[in-house]
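Each chain is listed here by its residues.
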Amino acid sequence: MWDKPTLLNGIANILFGICFGAVIYVGFLVVFNAEGFPLKEVKIMGDLKHLKPTQLTLVVEKKLKGGFFLVNLKEAHDAFEGLDWVKKASVRRRWPDSIEVLIEEHEPLAKWGGSGLVSQKGYVFNEMVGDDLPVFIGPEASAELVTKQYAVFSEMLKPINMQIVKLKLTERTAWQLMTQSGMTIELGRTEVEARLKRFVRVYQSTIEKLNKKLMYADLRYPNGFAIRKPSEPVL
């Protein structure tokens, strides 16, 4: 065998490859070892108004473990976005020893019944804050529809300076709203925007000039609507 240089060269190349691979493997262990490149800092960034520090700490402790290279960014990202208030999260490594987490919170638009909040995009999440927020009520999974209709109705009421404090979609898909003055407006199930547009037009030209507070307006008539003002006190 020793007098066969071709065979000897082949064996030498194999041994060299094995040794080289072992060196690479050991180097890999050293580089990616938690002790070799420890994670020293986690930076949480964003305009955070509603998330509790304990919620963030729990995710950091569970998902951002190990060395700088060993942290699973995908798992950490999913964990942060799983929190109720989080709309969007991004997680990235910052050389040489830190992780940066940028969080965007949901903006609460209204209360959703008595069980949570609804965002400006119609996403419901389980928190209860903001006593000054309007109230949305509707069947399950209708939050997005109610949110969109709220924007439409609010824009239509601007010319008469009315603000919606409560918007309800019934199980029979009929719409009802209440304004900041305490007036309830029944819109019904069909042609709701046309009905509200007619009400606003008549209100501007006639009702507003009477300077009377209204308690109730029923717009479900085909060619008009009915209104009711507060009961007059009996002298």
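Residues numbered from 1 in each chain as written. Predicted model: local features only at pLDDT ≥ 70, side-chain atom pairs only at ≥ 80, totals over all residues. Heavy atoms only, no water.

Enquirer: Got a minute to help me understand the sheet that holds strand 1 (residues 41–45) in this structure?
Expert: Pairing is mixed across the open sheet formed by three strands, whose spatial order is 1-3-2. Where the open sheet ends on each side, the last strands, each with one partner, are strand 1 and strand 2 (86–94). With strand direction ignored, the average angle separating the axes of adjacent strands in the sheet is 15°. Pairing analysis gives eight bridges linking strand 2 to strand 3 (residues 98–105), with the strands arranged antiparallel. Looking at the pairing, R93 lines up with I99 of strand 3. (Pairing = 2+ DSSP bridges. Helix = DSSP H or I, 4+ residues; strand = E, 2+ residues; numbered from the N terminus. Axes fitted to C-alpha atoms, helices over the stretch in contact; angles between N-to-C directions.)

Enquirer: Is there a simple way to think about the side chain of R198 in this case?
Expert: In this fold, R198 is placed in helix 5 (residues 192–210). Of the buried charged residues, R198 lacks a salt bridge, with E191 as the closest side chain of opposite charge at 6.5 Å. Separated by 3.5 Å, the side chain of R198 and the backbone oxygen of G224 make a polar contact. The residues contacting R198, other than those within four sequence positions of it, are L219, Y221, P222, N223, G224 and F225. (Buried < 20%, exposed > 50% of the residue type's maximum accessible area, 1.4 Å probe, protein only. Lys, Arg positive; Asp, Glu negative; His and termini not counted. Salt bridge = Lys/Arg side-chain N within 4 Å of Asp/Glu carboxyl O. Polar contact = N/O pair within 3.5 Å; in protein donor to acceptor, adjacent residues only side chain to side chain. Contact = heavy atoms within 4.5 Å.)

These values are about where atoms sit, not about what they do.
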